[in-house]
Each structure stands twice: as C-alpha cells, then as structure tokens.
Amino acid sequence: MSEPAANAEGAKAGEGDSSPTLRRLWRGAVGGGLGVVAVTLFVLLVGLAASAGVACFSGVPDGGRGLLDFVLRTLLWGGLMATYLAILGAVGNAIVGGLAARLRRRGEIAGPEPEIPGRSWRAWARRLLGVAAATAVVAFLAGAYLGHEVESRWRTLAAEADAVDPGWRLDRLLADREPVPVADNGAIVAAQAAAGLPDDWPPAEDRRLQDAFEILSDLPVKERLDVEDAAVIDAELQKLAGALAIARRLADYDRGRTDPAIGLDVFETPLPHLQSTRGVARLLKYDAAMRAHRGDADGAIASCLAVLGAARSIGDEPMLISQLVRSAIDAAAEAAVRRALGQGEAGDAVLARLQDALLREARHPFIEQGERGERAMLMEFVVRMGDGRMRGTSTEEGFRVIPDPWFKLWMDHQAAVTLEHMNELIAIPTAPPSEHLRDLAAWAPAFFRRVGPGRLGRALATIPFHMTPAVDKAALAMHQRRASLGALAIVVAIERQRLKTGAWPESIDAIDPAILPQPPLDPFTGEPYRMLRDEGRIRVYAVGPNGEDDDGDDVPDLWSSGGPDDAGAEVWDVDLRGLPLEAGEPPASATGAAENDAGGDRS
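Below, the structure is looked at part by part. (Residues numbered from 1 in each chain as written. Predicted model: local features only at pLDDT ≥ 70, side-chain atom pairs only at ≥ 80, totals over all residues. Heavy atoms only, no water.)

## Description of the side chain of R496
Residue position: R496 is located in helix α19 (residues 471–501). Overall, the relative accessible area of 10% leaves R496 in the buried class. From its side chain, R496 meets the backbone oxygen of I515 in a polar contact 3.4 Å long. The contact partners of R496, leaving out residues within four places of it in the chain, are D348, L351, A352, Q355 and I515. (Helix = DSSP H or I, 4+ residues; strand = E, 2+ residues; numbered from the N terminus. Buried < 20%, exposed > 50% of the residue type's maximum accessible area, 1.4 Å probe, protein only. Polar contact = N/O pair within 3.5 Å; in protein donor to acceptor, adjacent residues only side chain to side chain. Contact = heavy atoms within 4.5 Å.)

Quick look at the structure:
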C-alpha cells in the first residue's frame, strides 16, 4: 500500500473512533488503580519489613499500638502517593494519546496507532512479587542492623553507668535517699511555717513595705536602719508572729526530706516546697536583721541558724533546681549573719553553733547531688518518651505519644547519646573548682563535635542539646557559695577569738585550735584562705575562679570578663558596728553589690 493510502486509512480509522480519549482515560485509570494497589502493598511490605527488623532489638512498646499506628499511616500515605501517581498516569496517557491521534488525522504521523504487545498479568505479578520480596529482605536486614547498633550502644552505656554508679536511675536515686524520721524532719517544720504566710508574701502591692526591704538590703551591714523603716518592717513581722515562731525552730533541725511525686512529664513535677521554703528563709532573714537592729545579737544569730535550718530542710533532694534553691537560701543566711555581726556582739555559745553549722553546710555536695539528679531526670524523660508513657501538654487536654518502632529507635538513640553526655558530666572532677569550671566549659562543645560536625551533631543529639541545663553557671554559683560559707565560718571563729582574748588574731593560723581546730581551705586553690586587715575590719576570702587575688573584692557584673570574683566575708571593729545612718547619705553597699536571695552583700 502506498504511503498516501496508508495515511488516509489511518485518518479514517481515527475519525471512526467516536471516544478515543475516554477509552484512553479508562485504560489509564485501570492501570493506575492496579498501580495504587501494587505501590501501596509494596510500600507497606517494605516498611513493615524494616520495622520488624528494628523491633527485633528495640522492642514493640505500648502493646503494639504504635506498630498498628505505623501500619495505618503507611497505608494512608502509600495509598495517597500511589493514587497521585495513578492519576498522573491516566491523565498523561489520555493527553499524549489524544495528541498522537490528532497528529495522525492531520497526516503528520504515518500509520495507525501502534498496538503494544501485552504481557500476561501473571508474569507481571511474579516479577513485582520478586522485586518486593528482595526489597523487603534488604529492608528487614537494614532495620535489624540499625536496631541492633542503637540498642547495643544504649545497653552498653547503661551497663557502664551501673558499674560506676549502681543507683543512678531515678527510681533508685529517690529510694536511696537518706531516711529522715518525722521527729527530725525540718521540711515538716518549714511547711508548717510556710502555711502561716500569706500567698505571694511579701505583698507586692505594699510599696512602703517593699521600699523598706530594699533599703535594708542596700544598707551597709554596719549601719542601722532609720526609725521609720524599722517600724514598717517590725509591724509586718508582728503580723506574722505565729509563722515566725514556728520558723525559728528550724535552727534545731539538721536534716529534712520531701518526697516529690514524679509526674508523667518528669520535668513538670511540682516542687512547691522549694518556693515556700524560700519564703520562710526570707522571713527569718528579716527577723534576724530586726533583732540585730534592736540590739538582740544572740537572737539575731539564732534566726540566722534557723535560715540555715531552712536550707538543710531541702536535704539531698536529687534535682539541680533543689540544690540551687538550697544554695540560694544559704546566701540569705550569709547576708543575715553579716548584718548580725555588723550590728553588735553575740555570745560565744551561739557563735560556736553558727560556726559549726556554716562549716557543715560548706561541705554539702551541692554540685554532685544536682548533677546526678539531672542525669536521672533527663534519662527518665527520654525512656518514658520512647516507651509511650510520656504525656505532653501542648493543648489543654494534652496529647499522648504513641511510639512506633522508628520513633522508639530514635528515642533509644537519644537515650544513648544523652546517657553518654551526662556520664561525661558526672565524670568531671568537681575539685579543684577552677579546673572543674574549665572542663565544664569544654565538655558540651567537645561532645557535640564528636557526635557530628556543626549542626549535624546538634541534630543527632537533640535531647542533650536542647534539654541539658546550664550546668556550668549552676556550678559556678555553687562553688562560690562553698567558698563564701567557709570564709564566713572563719570570720565567726575570728570574732570568737576576739571575745576570748580581747584582740584580733594576726592570721588565720593564730586562731586558737580550741576555737577552730582545722581551718577550711580555699576551694579554688586548695590553699589557706587569705586574711586582710584594713579600714577597721578584717576580710577573709577565697581567690575566685579568675585565679587572682583581688583583695577580697567581688563584682558579679565583671565575672564574665575576668573581673574581681573573690568569695569572702568580713567582720568590723566593735566601735564601728551599729552606726546610725549619716544624714543625707544614701543607703548603698560598700562594694556596690546589692544583697538578694541568691547572694549577699560583701560590705
């Protein structure tokens, strides 16, 4: 047949076909429908095979509900993807076929529409099943490898932690706390005193009372409050006489324990006793100041001892925030002692009790307990997330994480890197403090660089990067607190030496061993504390983190730039104590550092 005749025949055949586009759409839709089923089953098979491999080692948490959720999600997304591809195939088949028919009618394509030889559906099915089976085997092996590697690393790190610190997990850490009988539990007394305080005491709306408190905080310790400010504070304390009487009993309690109920969200565990105990300590601090103002030096020191008792009532609570609050209450006690010593002379008996209490508190392992507790809390959080026990609170009703095998695998990986991260923290020696702070500064950056370069390291260690607290800042505050508590204990011993002999000792070594048998050492250097006699006072201080002798000066605003950061205390000549505020002189700290609940003035 000639070429023109063939073209004519092809055109005629095309004109005789009344609905070629519909037929092409139908054929594409049927093929696409089969593709939907095939692709969905393929994706589901591969996903389940990989998940089964992972689950062989990471387990199937939450009774398999996460696995069921994964299957349903795989069906949904696999079906949507396959449907999308089928629609594209059907529409593309219709468009391209229609364009080819139009070109044939115009004679631009020679010959009729070609027939594509078909294949038996059984042959296609066999090939598809073969490919799917091979892919599923590979996926299973890959999932099993990942699950084994992650689970093995997590279990190895946990075993190493068990060998070094058998009680590191949160349940053991809480169970192994020091038992405290009810009769000896200062936390109960602190709670009773707090119950006698109004909510949010002191009231922010009472501006006159707030002003009086601020003036007292900024006033140099050797200067007296004016009559009006003293009257305002005294009137407030009289309103709270019942709570104050209970709070002062804390001086006789050496221990305390509160058992917090760990919530499902772990880090949202309520700890109301911490804030209420700070309120009790603040009440006692003001009581000590007003007793010193009235000339009751022994009573003032007794209230200072009660502030230290409030700190001790927190006990060995294994949480970093708990130990930070204990340290902050110690700072309030230090401020109260400085003012009491700056206003008058207390007797040797009460000063001896104070000296002993300060030395014992300076030996308290703030940092060690805080770090161990933080590791336990963080690991409990990660494990609960992976097991499906964690409940979120992003909505009013909250949500529950349903872990599928892949989420469990990811959380097991996070558990491994988090435990490794925190084990390295615990392994850093806390003494001497200068080396501890240096190693803390290098710890986190070095760890993330090992996990992966740049942002990759932070992404692979999501939990440690985003949820590890600022341990370096907490450690700095706690080291400073230990140093200042030790210095204050020596100052009290110096005051006792003066009461006994009528003169200041020439050095710390000259203090009567019967008064101070073994002076504490500067924790930053491991050497004796420095002692400086100038301007009618004696300063005792530790060289701070900058390693330089700043003559006892401490300017917190300059710490980051290596400025003066000595930690110490001082005691004034008797004739300079309790001086009236000079007319027209604004109340200001001698060193420019205002006292607050997180730290005391050093004037």
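## Section: the environment of T525
Tracing the backbone through its elements, the reader meets T525 in the loop between α19 and β3 (530–534). Once the C-alpha coordinates of T525 and P545 are considered, the two residues, 20 residues apart in sequence, prove to be 9.2 Å apart. Non-local contacts of T525, meaning those with residues more than four positions away in its chain, are made with R530 and V543. Here E527 takes part through its backbone nitrogen, which lies 3.1 Å from a polar atom of the side chain of T525.

## Regarding helix α7 (residues 207–218)
With 12 residues, α7 extends 16 Å from end C-alpha to end C-alpha; this agrees with the ideal 16 Å at 1.5 Å per step. Considered for burial, the residues of α7 that qualify are L209, Q210, A212, F213, L216 and S217. One side of α7 carries all its buried residues, which in axial view fall inside an arc of 160°. On its buried face, α7 sits against α8 (227–239), α10 (272–293) and α12 (320–343). (Expected span 1.5 Å × (residues − 1). Arc of directions from axis to C-beta.)

## With respect to the nonpolar core
The biggest cluster of nonpolar side chains holds 118 residues, and the ones touching the most others in it are L354 and V540. The biggest single contributor to this core is α19, with 14 residues. Excluding its chain neighbours within four sequence positions, the residues that come into contact with L354 are I301, L305, L308, V337 and V492. (Core = buried A, V, L, I, M, F, W, Y, C linked by side-chain atoms within 4.5 Å.)

## Re unusual backbone geometry
P202 follows W201 through a cis peptide bond whose omega is -5°. Mapped onto the elements of the fold, P202 is located in the loop between α6 (186–195) and α7. Look at the link from A431 to P432: it is a cis peptide, with omega at -5°. With respect to the secondary-structure elements, P432 resides in the loop between α15 (405–427) and α16 (433–451). Phi at D200 is positive, roughly 55°, even though this residue is not glycine. Tracing the backbone through its elements, the reader meets D200 in the loop between α6 and α7. The class of D200 is exposed, set by a relative accessible area of 72%. Phi at E535 takes a positive value of approximately 50°, unusual for a residue other than glycine. As for its placement among the helices and strands, E535 is situated in the loop between β3 and β4 (537–542).

## Observations concerning the pattern of salt bridges
Opposite charge on two side chains makes pairing possible when the charged atoms of those side chains draw close. Considering all chains together, one arrives at 44 salt bridges under this definition. A salt bridge links R208 to D229; the shortest N-O distance between them is 2.8 Å. Placement of the pair is R208 in helix α7 and D229 in helix α8, with a sequence separation of 21 residues. For R208, a relative accessible area of 35% gives the class partly exposed. Judged by its relative accessible area of 4%, D229 is buried. The residue D512 makes a salt bridge to K500 at a minimum N-O spacing of 2.4 Å. Residue D512 is found in the loop between α19 and β3, and its partner K500 is found in helix α19; the two are separated by 12 residues along the sequence. Taken together, the shared-partner salt bridges connect D534, E535, R537, R539, D553 and E570 into one network. (Salt bridge = Lys/Arg side-chain N within 4 Å of Asp/Glu carboxyl O.)

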